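# Topology and contacts: notes
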Amino acid sequence: MIDTLVPIFAATIAAGTPLVFAALGELVTEKAGVLNLGVEGMMLIGAIAGFATAVTTGNLWLGTVAGMAAGAAMSAIFAVLTLNLMANQVASGLALTLFGLGLSAFVGKPFEGVSLLREGAPSLPLLGDLPVLGPILFRQHYLVYVSWAVFAAVSWFLFRSRAGLVLRSVGESPDSAHAIGYPVIRIRWLATLFGGALAGVGGAFLAVFYAPMWVEGMVAGRGWIALALVVFATWRPARVMVGAYLFGGVTIAQFFAQGGGIAIPAPFLSALPYLATIIVLVVISRNVATIRLNSPVSLGRSYRPD
Amino acid sequence: MNTQRITRWAFALAVGTALGSLAAGPAAAQAPLKVGFVYVSPIGDAGWTFQHDQGRKEMEKALAGKVETKYVENVPEGPDAERVIREFAANGYKLVFTTSFGYMNPTIKVAQQFPNIVFMHATGYKTAKNVGIYNARFYEGRYLCGVMAGKMTKGNVAGYVAAFPIPEVLQGINAFTLGMRSVNPKAEVRVIWTNSWYDPGREREAANTLISQGADVLTHHTDSTAVVQAAEEKGKYAFGYHSDMSKYGPKAELSATTHQWGAFYTKVTQEVLAGTWKGTNVWGGIKDGMIKLAPINAAVPKDVVELVASKEKDIGAGKLHPFTGPLKDNAGKERLAAGQTMGDDKLAVMDFYVEGVQGTLPKQ
């Protein structure tokens, strides 16, 4: 039994990692009161920028950094439109996704069908040799450990640090924050850039480490799942992690079911990760009060400092 | 007034030129024959379309000066395909190869409107006076890879990542299984369906899953190199498909079933050039050079290489047919009596797993 479960859990963590990055980034953005629906587009741009850089330079880390920069650049477009020019956040976010879909397909043309040669995931010394936990947790790509560090940092920053408190206050009541003297627009800019950068890293992980290949539209709705995760996780980082790994787990479990000879209609299996994630998160967040308590009050509203 | 007159004049000139070039068409026999290719995916550096493009290049080289080729890649199966095919036909192309199953109806439709142009459609079944079809017996290569797999496996489990449960894919799975069990009766094959021709992420996950379920030899019927790469990373063996993928798995890839279209494309083009082309229905295999095994990895022992070579010769000579009775499906039902070989009509509608494949076939 353990022998079958270990590879399932190990693969689950890899499959959930792009979501961890994208959803944690969006969480910080939304906590500052900015609703960026362009996650899917930013992930795609991050994926192609990361893949193209990794293929041309042969350096996977450079690829990851390029993906991060490209994601941040996409979010900067969004920030200029919504924070400086006061455009509607929902419309701008949707436009960003469409733009990212088209641009990544266009830029990615020469990289279609190209394979990236990379080493297998390394095993951490000592920790990788632990029974059960070793193969599940400590034989992953380095970027997976980075995602855990980002989770710890975001949790600490938002709820334990002074800067995090300021950021949350900007999301709750930009007027009060402004009145006290905090630079609301600048804080929202930084939060948006952070979200874009992490979405870019999520996309780059997908194209550079997970696949590793570029296919048009390869993010395949993960950006939307990340957005849904943030809401259903009631803006709590730990619940975001649970949701992300749940999605990854069901994605992987369908393969194991097939390989084990369990006959379930294929289209249903393909839809299962989305269904399962949404259902579980809806159940977790069915308490309206928790949503109201945790959702940033000014989410999605433009703010013009007087 | 003036501008209108100029426009009218320009229009007349354009029409005149167009008519003139039409009239000049047949007279200019020296002009190279224009040959068009429609590809379903990007050419990339390995895979289905890559092999067709290799064939195009070989043909162009063999008939240098006599032909001029052009291709359009990544054409979705559907209305877009019809537009691309019609554009070739309308622009003076005399021979058009449409290289994916889903181009069947668009090809037939355009062919009816351009009776003087020859169309060649790969892997379909509809023909017309000016539409020929061609395909290759991929399963012959699969059988040989299966023989190697049966000899090289240690755990007697092979993993197969497949796209869609259609006859062509099932022929491959079954031939591979029969080849494997012909030398290793204990062997079994596990299949995972990805429901996509090209999704490297899913293909890789499927491969990793099969490995963790005990498969130590992998192969795939999808378009990317992900399965061979996954095998390389995990230190397992794999067989490439479409193209030689040893670049992506120098240790893992034992061999590959590769498609060779060059000689065939050259032959068809020559026939069109000479005006001797007749409607064709070609289903070529090892005998015709349309299917070849990629160079066999040095990890395969000499006696196995020799065994495969002799079986390859037998298939080429028609002495060995991978689907020879007695043949049972994996539910125990007899599909072919002893001594019989499966006819092309039965092969074309295959809808079962042979004995030795695990699981039940998903309903389409």
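Along each chain, the written sequence defines residue order, and numbers are assigned to residues from 1. Chains carry letters and ligands carry numbers; both start at the beginning, A for chains and 1 for ligands, and go up in the order they are written. pLDDT decides what is reported in this predicted model: residues at 70 or higher carry local features, side-chain atom pairs at 80 or more are listed and counted, and totals for whole chains, interfaces and linings draw on all residues regardless.

## So, the overall build of chain A
Just so we agree on the cut-off: Only DSSP runs of H or I covering at least 4 residues are called helices, and only runs of E covering at least 2 are called strands; the numbering of each starts at the N terminus. Every radius of gyration here is taken over C-alpha atoms, with the globule rule written as 2.2 Å times N^0.38, N being the number of residues. Think of it as a crowd count around each C-beta: if 20 or more other C-beta atoms lie within 10 Å the residue is buried, if 12 or fewer it is exposed, and in between it is partly exposed, with C-beta placed from the backbone throughout.
When helices and strands are counted, chain A shows 13 helices and zero strands. Traced from its N-terminal end to its C-terminal end, chain A shows the element sequence α-α-α-α-α-α-α-α-α-α-α-α-α. What you see for chain A is a C-alpha radius of gyration of 19 Å, in line with the 19 Å of a compact globule of 306 residues. Dimensions of chain A, computed from C-alpha atoms along their principal axes, come out at roughly 65 × 45 × 40 Å. Here chain A holds 306 residues, and 48% of them are scored as buried.

## Notes on the interface of chain B and chain A
Which entries qualify depends on this criterion: We call two residues in contact when their backbone-placed C-beta atoms lie within 7 Å.
Listed as interface residues are 32 residues of chain B and, on the opposing side, 23 residues of chain A. Of all elements in the fold, only β7 (188-193), α7 (200-212) and α8 (226-234) of chain B reach the threshold of two or more residues within the side of chain B that touches chain A. Considering every element that reaches the side of chain B that touches chain A, the biggest residue donor is α7(B), with nine residues.

## Notes on helix α6 (residues 142-160) of chain A
Think of an α-helix as 3.6 residues a turn; residues three or four steps apart then line up on the same face. Threshold: One fewer than the residue count of a helix, multiplied by 1.5 Å, yields its expected span.
Between the first and last C-alpha of α6(A) there are 26 Å, a value that for 19 residues agrees with the 27 Å anticipated at 1.5 Å per step. Those residues of α6(A) hidden inside the fold are in contact with α1 (2-31), α3 (60-84), α9 (184-210) and α11 (237-259) of chain A.

## Thoughts on the sheet that holds strand β1 (residues 33-38) of chain B
Residues and elements named next belong to chain B. Stated formally: Following DSSP output, two strands are said to pair if at least two bridges run between them. Note on geometry: axes are C-alpha line fits, over the in-contact stretch for helices, and angles between N-to-C directions span 0 to 180 degrees.
Read across the open sheet, the six strands follow the order β2-β1-β3-β4-β5-β11; overall the sheet is parallel. Looking at the sheet topology across the chains shown, the edges are occupied by β2 (67-72) and β11 (281-284). Between one strand axis and the next, the sheet turns through 15° on average, direction left out of account. Pairing analysis gives four bridges linking strand β4 (residues 118-122) to strand β5 (residues 131-136), with the strands arranged parallel. Bridging across to β5, M120 finds its partner in G132.

## Points about the packing of α1(A) against α9(A)
Residue and element names in this part refer to chain A. The line we're drawing: Under this scheme an angle from 65 to 115 degrees is roughly perpendicular, one under 35 degrees roughly parallel, and one over 145 degrees roughly antiparallel; angles in between are oblique. Any residue that is not Ala, Val, Leu, Ile, Met, Phe, Trp, Tyr, Cys, Pro, Asp, Glu, Lys or Arg is counted as polar, Gly included; the first ten are nonpolar and the last four charged.
One can describe the packing of α1 onto α9 by two numbers: an axis separation of 7 Å at closest approach and a directional angle of 170°. The angle between α1 and α9 falls in the class roughly antiparallel. Between α1 and α9, the residues in contact are A14, T17, P18, F21, A22, L24, G25, E26, V28 and T29 and A191, T192, F194, G195, A197, L198, A199, V201, G202, F205, L206 and Y210, respectively. Grouping the amino acids of the contact of α1 with α9 by side-chain chemistry returns 15 nonpolar, six polar and one charged.

## Structural notes on the sheet that holds strand β10 (residues 253-259) of chain B
All names here are of chain B. With mixed pairing, six strands are arranged side by side in an open sheet as β7-β6-β8-β9-β10-β12. Only two strands of the sheet have a single neighbouring strand rather than two, namely β7 and β12 (291-293). Between one strand axis and the next, the sheet turns by 15° as a mean value, whatever way the strands run.

## Observations regarding unusual backbone geometry
Residue and element names in this part refer to chain B. The omega torsion of the bond from G325 to P326 falls at 0°, within 30 degrees of zero and hence cis. With respect to the helices and strands, the residue P326 is situated in the loop between α10 (302-316) and β13 (327-328). Even without a glycine there, the phi angle at N74 is positive, about 55°.

## Here's the deal with the pairing of strand β6 (residues 157-162) of chain B
The two faces of a sheet get side chains in turn, since along a regular strand they alternate between them. All names here are of chain B. Test applied: If the strands point away from the viewer and the path from the first strand over the helix to the second runs clockwise, then the crossover is right-handed.
With five of six residues buried, β6 lies mostly within the body of the structure. Where β6 and β7 come together, six bridges link them in parallel fashion. The residue bridging V157 from the neighbouring strand is E188, located in β7. In terms of handedness, the path from β6 via helix α6 (residues 167-183) over to β7 forms a crossover that is right-handed. Strand direction decides the pairing type here: β6 and strand β8 (residues 217-221), joined by five bridges, are parallel. Across the sheet, residue A162 finds its bridge partner in β8, namely H221.

## Concerning the confidence of the model for chain B
All names here are of chain B. Under the convention used in this document: In predicted models, pLDDT denotes the confidence assigned by the predictor to each residue on a 0 to 100 scale.
Summing up the model confidence of chain B, the mean pLDDT is 89 and the portion of residues at 70 or higher is 91%. For the stretch residues 16-28, pLDDT sits under 50, and the model shows one contact to residues farther than four places along the chain or on other chains. Scoring the predicted complex yields pTM 0.80 and, for the interface, ipTM 0.73.

## A closer look at the environment of M59(B)
Residues and elements named next belong to chain B. Counting through the fold element by element, M59 comes out in helix α2 (residues 48-62). C-beta crowding within 10 Å serves as the criterion here: with 25 such atoms nearby, M59 is assigned to the buried category. Taking C-alpha positions, M59 is 38 Å from Q340, a pair spaced 281 residues apart along the chain. In this structure, M59 is in contact with G262, Y265, T266 and T269, ignoring residues within four places of it in sequence.

## Description of the packing of α1(A) against α11(A)
All names here are of chain A. Put simply, the test is: In this scheme the handedness of a crossing depends on how the near helix is turned from the far one: anticlockwise by less than a right angle means left-handed, clockwise means right-handed.
Where α1 meets α11, the closest approach of the two axes is 7 Å, and the angle between their N-to-C directions is 140°. The pairing of α1 with α11 is recorded here as oblique in orientation. Read as a crossing pair, α1 and α11 show a hand that is right-handed. Touching I8, A11, T12, I13, A15, G16, L19, V20, A23, L24 and L27 of α1 are P237, V240, M241, A244, Y245, F247, G248, G249, T251, I252, A253 and F256, all from α11.

## Considering α1(A)
Residue and element names in this part refer to chain A. Put simply, the rule is: Fitting one axis to the seven residues ending at a residue and another to the seven starting there, the bend at that residue is the angle between the two axes.
When the local axis directions of α1 are compared, the greatest deviation, roughly 40°, occurs at G16, which is followed within four positions by the proline P18. Summarising burial for α1: 22 of the 30 residues are buried, a large majority. G33 occupies a position one or two residues after α1 and carries a positive phi of about 90°.

## Looking at the nonpolar core
Counted only if it meets this: The term nonpolar core refers to a set of buried Ala, Val, Leu, Ile, Met, Phe, Trp, Tyr and Cys residues connected through C-beta atoms within 7 Å. The split into domains, and so the bounds of each, comes from an automatic or database assignment of domains.
Counting 182 residues, the largest nonpolar core has A23(A), A47(A), I48(A), F51(A), A207(A), L229(A) and A207(B) as its most contacted members. Looking at which element gives the most residues to this core, the answer is α9(A), with 16 residues. Structurally, this core is a two-domain feature, drawing no fewer than three residues from each of domain 2 (32-136) and domain 3 (138-258 + 291-347) of chain B. Apart from residues lying up to four places away in sequence, I48(A) is in contact with S104(A), V107(A), G108(A), F111(A), A207(A) and W214(A).

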